[in-house]
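Fold and contact review
Spelled out, the chains give:
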Amino acid sequence: MADTQIFIFDTTLRDGEQVPGCKLNSDQKIEIAQQLEKLGVDVIEAGFPVSSPGDFKSVSDICQAVTEPIVCGLSRAVERDIEVAAAALKHARRPRIHTGIGTSDMHIRHKLHSTQEAIIERAVAAVKYAKSFTEDVEFYAEDAGRTENEYLARVLEAVLAAGATVLNIPDTTGYCLPEEYGAKIRYLRENVRGIHKAILSTHCHNDLGLATANSIAGVQNGARQVECTINGIGERAGNTSLEEVVMILRQHPDLNCITNIQTRLLNETSQMVSELMGMPVQPNKAIVGANAFAHSSGIHQDGVIKMRETYEIINPLDVGVDHSKIVLTARSGRAAIAYRAKTIGFELSKAELDVVYERFLVVADGKKEVGDEDLAGIIMNEFAAVV
Ligand code: KIV
Ligand code: ZN
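What comes next is a walk through the structure.

The rules behind these values
- Residues numbered from 1 in each chain as written.
- Chains lettered and ligands numbered in written order.
- Predicted model: local features only at pLDDT ≥ 70, side-chain atom pairs only at ≥ 80, totals over all residues.
- Heavy atoms only, no water.
- Helix = DSSP H or I, 4+ residues; strand = E, 2+ residues; numbered from the N terminus.
- Areas by Shrake-Rupley, 256 points an atom, 1.4 Å probe, with all protein chains shown as cover.
- Lys, Arg positive; Asp, Glu negative; His and termini not counted.
- Charge placed at Lys NZ, Arg CZ, Asp CG, Glu CD.
- Axes fitted to C-alpha atoms, helices over the stretch in contact; angles between N-to-C directions.
- Parallel < 35°, antiparallel > 145°, perpendicular 65-115°, else oblique.
- Left-handed = near helix turned anticlockwise from the far one by under 90°.
- Contact = heavy atoms within 4.5 Å.
- Nonpolar A, V, L, I, M, F, W, Y, C, P; charged D, E, K, R; others polar.
- Donors = N, O, S within 2.8 Å, 3.2 Å for Na, K, Ca; no water.
- Buried < 20%, exposed > 50% of the residue type's maximum accessible area, 1.4 Å probe, protein only.
- Near = heavy atom within 4 Å.
- Polar contact = N/O pair within 3.5 Å; in protein donor to acceptor, adjacent residues only side chain to side chain.
- Expected span 1.5 Å × (residues − 1).
- Salt bridge = Lys/Arg side-chain N within 4 Å of Asp/Glu carboxyl O.

1. Focus: the overall build of the chain
- Helix and strand counts for the chain stand at 14 helices and 12 strands.
- Expressed as lengths along the three principal axes of its C-alpha atoms, the size of the chain is roughly 85 × 40 × 40 Å.
- For the chain, the computed accessible surface area is about 17,500 Å², with 51% contributed by carbon and sulfur atoms.
- Across the chain, 39 positive and 53 negative side-chain charges occur, with their mean positions spaced 2 Å apart.

2. A word on the packing of helix α3 (residues 79-88) against helix α5 (residues 116-131)
- Following both chains from N to C, one finds α3 and α5 inclined at 25°, their axes separated by 10 Å at the closest point. Considered as vectors, α3 and α5 are oriented roughly parallel to each other. As for the relative orientation of α3 and α5, their crossing is right-handed in sense. Across from Glu-79, Ile-82 and Glu-83 in α3, the residues of α5 making contact are Ala-126, Tyr-129 and Ala-130.
- Considered class by class, the residues forming the contact of α3 with α5 number four nonpolar, no polar and two charged.

3. Let's talk about the coordination of the zinc ion (ligand 2)
- On the protein side, the zinc ion (ligand 2) has Asp-15 (OD), His-203 (NE2) and His-205 (NE2) as donor atoms, found 2.0 to 2.1 Å from it.
- Taken in sequence order, the residues that donate to the zinc ion (ligand 2) follow the motif D-x187-H-x1-H. Residue Asp-15 is located in the loop between β2 (7-10) and α1 (26-39), and its partner His-203 is located in strand β8 (residues 199-204); the two are separated by 188 residues in the primary sequence.
- The exposure class assigned to Asp-15 is buried, which follows from its relative accessible area of 3%.
- The exposure class assigned to His-203 is buried, which follows from its relative accessible area of 5%.

4. Some details on the site of ligand 1
- What surrounds ligand 1 is the set Arg-14, Asp-15, His-98, Tyr-140, Glu-142, Asn-168, Pro-170, Thr-172, His-203 and His-205.
- Contact between ligand 1 and Thr-172: an oxygen atom at 2.7 Å from a side-chain N or O atom of the residue.
- Within the side chain of His-203, one N or O atom sits 3.1 Å away from an oxygen atom of ligand 1.
- Within the complex, 92% of the 260 Å² of free accessible area of ligand 1 lies under protein.
- For the shell around ligand 1, the secondary-structure elements that each account for two or more residues are β6 (137-142) and β7 (166-171).
- By residue class, the composition of the shell around ligand 1 is two nonpolar, five polar and three charged.

5. Section: helix α13 (residues 350-365)
- The first and last C-alpha atoms of α13 sit 22 Å apart over 16 residues, in line with the 22 Å expected at 1.5 Å per residue.
- For α13, the complete set of buried residues consists of Leu-353, Val-356, Tyr-357, Phe-360 and Ala-364.
- Elements that come into contact with the buried residues of α13 comprise α12 (334-343) and α14 (372-382).

6. Thoughts on the pattern of salt bridges
- Tallying each qualifying case throughout the model produces 27 salt bridges.
- One salt bridge connects Arg-14 with Asp-15, and the closest N-O pair in it is separated by 3.5 Å.
- For the salt bridge of Glu-45 with Arg-14, the shortest nitrogen-to-oxygen distance reads 2.9 Å. Taken together, the residues span a long stretch of sequence, with Glu-45 in strand β3 (residues 43-47) and Arg-14 in the loop between β2 and α1 at a distance of 31 residues.
- What makes Arg-14 buried here is its relative accessible area of 12%.
- Linked through salt bridges whose partners overlap, the residues forming this network are Glu-17, Lys-23, Lys-29 and Asp-55.

Shown next as structure tokens:
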């Protein structure tokens, strides 16, 4: 079976930048956009141009700073938003306007004070208006995760007929279960007339920690674009993490999906975004966390030293990390101590290792981590005459 191309739509600079206190200036956004281009993302959502003059300028600057990716600007289903987005995208080689409106009962009744029929009219009008500026128009059905499938299908059929090229199905509140979200995508694929003409896109939030699982369920059921952010940053609990989705698709050839992402740049991209936003990455974060390739228990260390794959499903080099880390703690065993001792220049015999290990345990019980200098100190003290 031929592999399916999954398009990676990065929204670090739009949805991701909505993290409180992590605003970026225009130069920082350009730096990130250029890194995203190197990384190989297919679409960069550069901002929400009508939201502020600064965001307008950033979107416009990014259009001139990158060449390959599609550059996308967000708008509500409001004429002025669409006009401003189109103006900001003027210099893009491949512009896309992303427009849409809430479709769940919750949004229609309590946010938009409207009706289902009126929402369809607004959605169609927005797509038609956006089409008068650019061929590529993505429509988002905000809160699609909580929108009843039959109504959602009607909305999508109408915007497709109006010319939408991409249909975004956001789980805006991160509510869906993976099976439910996957079934929604399948339902839309099977029930929206003309759906084969458009790309179906996932856009999952992480309120229940399910954003990545939901995005993958979407892909398994026919979505061909995944919207995500570096490090999974974003409002509240964040968005789908780009590095997780990309590595899941890569590590599971059984899914028959490929992306254009240069995975060896994932780690440096993660660090760049973290530093520029002043937002640390949690150490146990999948793929890019400081501990993603660190082993501290004796059983695991023994296995990894014998053969890395015993406890690692990803080669760290594939995501731009030099090597796996063997961290010495009170849970470490002789194999790890011998290994670390060798890397710092001490080849220990079995008898020497026994002696060092006893001393090591005393030191390790009093510390969170035993560093190379501590280990060297232990060895020198025990074998002062030898070394
Ligand atoms: O989460 C969401 O629904 C969004 C849309 C604006 C695409 O970010
Ligand atoms: Zn979102």
